[in-house]
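Observations on chain architecture
Here are the chains, one letter per residue:
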Amino acid sequence: MSNKVIQPEGWIAPKGYANGIEARGRQVFVGGQIGWNAECKFESDDLVDQIRQTLQNCVDVVRAAGGGPEHIVRMTWYLKDKKEYVARLKDIGVVYRDVVGRNYPAMSAIQIADLVEDQAKVEIEVTAVIPD
């Protein structure tokens, strides 16, 4: 793999994400994905279930470009409810590892007022770099 985690000397290592990633290759930008299936239907209103589906959607787009979850170098999470997210971090971690594995890209999580789809609780954007 051509990705390298960037960690400033003396900083405490983050848990579940990287402070920076260096990568070379073909860049793939995945537009915001939400927790619905391939038919644009929600199967659950549960946050963790929606995160699982959202992550799977992101990985599916990266796979369609010839990559895999290990090529994801950046994620931005948009969440409707920060408190629910924080309260469910353990379950979210399990789902994350099931779908993405132990690849921890540079990541941001932002609470937002709303998403375009009323039923959506999370939207995730991804950048992947696939080796040439």
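This text goes with the structure placed above it.
Here we summarise the structure given alongside this text. (Residues numbered from 1 in each chain as written. Predicted model: local features only at pLDDT ≥ 70, side-chain atom pairs only at ≥ 80, totals over all residues. Heavy atoms only, no water.)

1. Some details on the layout of surface pockets
To keep things clear, this is the line we draw: A pocket here means an open set of points on a 1 Å grid, computed over the protein atoms alone, that has protein on both sides within 12 Å along at least five of seven lines. A cavity is instead a set of points where a 1.4 Å probe fits but cannot get out; residues with an atom within 4 Å of a point line either one. Grid points are joined across faces, edges and corners, and a volume is the space filled by probe spheres set on the points. Each helix is a run of DSSP H or I of at least 4 residues and each strand a run of E of at least 2, with the numbering of both proceeding from the N terminus. Amino acid classes used here: Ala, Val, Leu, Ile, Met, Phe, Trp, Tyr, Cys and Pro are nonpolar; Asp, Glu, Lys and Arg are charged; the rest, including Gly, are polar.
Quantified by volume, the largest pocket comes out at close to 320 Å³. Taken together, 14 residues form the lining of the largest pocket, with Lys-15, Gly-16, Tyr-85, Leu-89 and Met-107 sitting closest to its centre. When residues of the lining of the largest pocket are assigned to their parent elements, the largest contribution, 5 residues, is made by helix α3 (residues 89–100). Of the residues assigned to the lining of the largest pocket, the class counts are 9 nonpolar, 3 polar and 2 charged.

2. Observations regarding the nonpolar core
Convention followed: Working definition of a nonpolar core: buried Ala, Val, Leu, Ile, Met, Phe, Trp, Tyr and Cys residues. They are joined through side-chain atoms within 4.5 Å. Burial classes: relative accessible area under 20% of the type maximum marks a residue as buried, over 50% as exposed, and values in between as partly exposed (1.4 Å probe, protein chains only). Whether two residues are in contact is decided by their heavy atoms, any of which lying within 4.5 Å being enough.
Counting 25 residues, the largest nonpolar core has Ile-51, Leu-55, Met-75, Trp-77, Ile-124 and Val-126 as the members making the most contacts within it. Within the residue set of this core, elements represented by two or more residues are β3 (26–34), α1 (47–64), β4 (72–79), α3 and β6 (122–130). With 7 residues, α1 is the single largest residue contributor to this core. Excluding its chain neighbours within four sequence positions, the residues that come into contact with Trp-77 are Ile-51, Leu-55, Tyr-85, Ile-92, Tyr-96, Met-107, Ser-108, Ala-109, Ile-110, Val-122, Glu-123 and Ile-124.

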